[in-house]
Amino acid sequence: MRLLLVEDDPDLGEALVANLARDGFAVDLVADCASAEAALASNSYALVLLDLGLPDGDGLDIVRRLRRRRSSVPVIVLTARDAIEDRVTGLEAGADDYLVKPFAHAELVARIRAVLRRPGRDLGAAIEVGRLVLEPATGDVSVGGRPLLLPRRERMLLEILMRRAGRVVTRRVLEEALWDQEKEIESNTLESHVSRLRKRLLEAGAGVQIRTIRGVGYMLEAE
Ligand code: CA
């Protein structure tokens, strides 16, 4: 699940990216309104974490523009402004939740999960491949209605393959998504994750196969 973090304090930004990675979120960090708009135009994010005081403008303008474009991507505002009128303005602009700095990381994660679970989010229909079903809003995967519980990286791997089912996903794309924050990727690590995931999918009767496209990457298909 990929999040966009808009934060111009580099220390806070880097710390949040590292902490959120530990909780299973891949985070793109940008430091101003212009970069945020560019990132939002070219990527699909599950959620936006937004600082309000940015060097080239007010973060709330980003929320207003998103809502004007009828985007329903959830936004959590992170800010040092704790005056009640600022909170109200933020929520009126279309933000989903509000967190005043400094905040505990556990609280941020709890708010993110709560916002992602909120019903009525138009994050697209469930993706079905074989007997596998992925709920885009939560990233939950099930087989025949039963939840399929997977270790974090295998779940991320499966989500990417499901979102691009029937198409080849290159090794590079998978490695960048799975090892965002890691210094090195051992050469056989992707293979070992794919092979464990194949085994679990087979055991769960998922009715799919992950094909190896030699020298290129992998492709998920219904059997
Ligand atoms: Ca700021």
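Residues numbered from 1 in each chain as written. Predicted model: local features only at pLDDT ≥ 70, side-chain atom pairs only at ≥ 80, totals over all residues. Heavy atoms only, no water.

Across its full length, the protein chain carries eight helices and 14 strands. Based on the C-alpha atoms only, the size of the protein chain along its principal axes is roughly 55 × 35 × 30 Å. Across the protein chain, every contact between residues at least 6 apart in sequence was considered, and the portion connecting residues at least 24 apart equals 57%. Total accessible area on the protein chain is roughly 11,500 Å²; 48% of this is exposed by carbon and sulfur atoms. Between the mean site of the 33 positive side-chain charges and the mean site of the 36 negative ones, the protein chain shows a separation of 7 Å. (Helix = DSSP H or I, 4+ residues; strand = E, 2+ residues; numbered from the N terminus. Contact = heavy atoms within 4.5 Å. Areas by Shrake-Rupley, 256 points an atom, 1.4 Å probe, with all protein chains shown as cover. Lys, Arg positive; Asp, Glu negative; His and termini not counted. Charge placed at Lys NZ, Arg CZ, Asp CG, Glu CD.)

This part is about the sheet that holds strand β10 (residues 141-143). Read from one edge to the other, the open sheet built from four strands follows the order β8-β9-β10-β11, with strand pairing classed as antiparallel. Strands with a single pairing partner mark the edges of an open sheet, and in this sheet they are β8 (127-129) and β11 (146-147). Helix α6 (residues 152-163) rests against β8, β9 (132-134) and β10 of the sheet, and its axis sits at about 95° to β9. (Pairing = 2+ DSSP bridges. Axes fitted to C-alpha atoms, helices over the stretch in contact; angles between N-to-C directions.)

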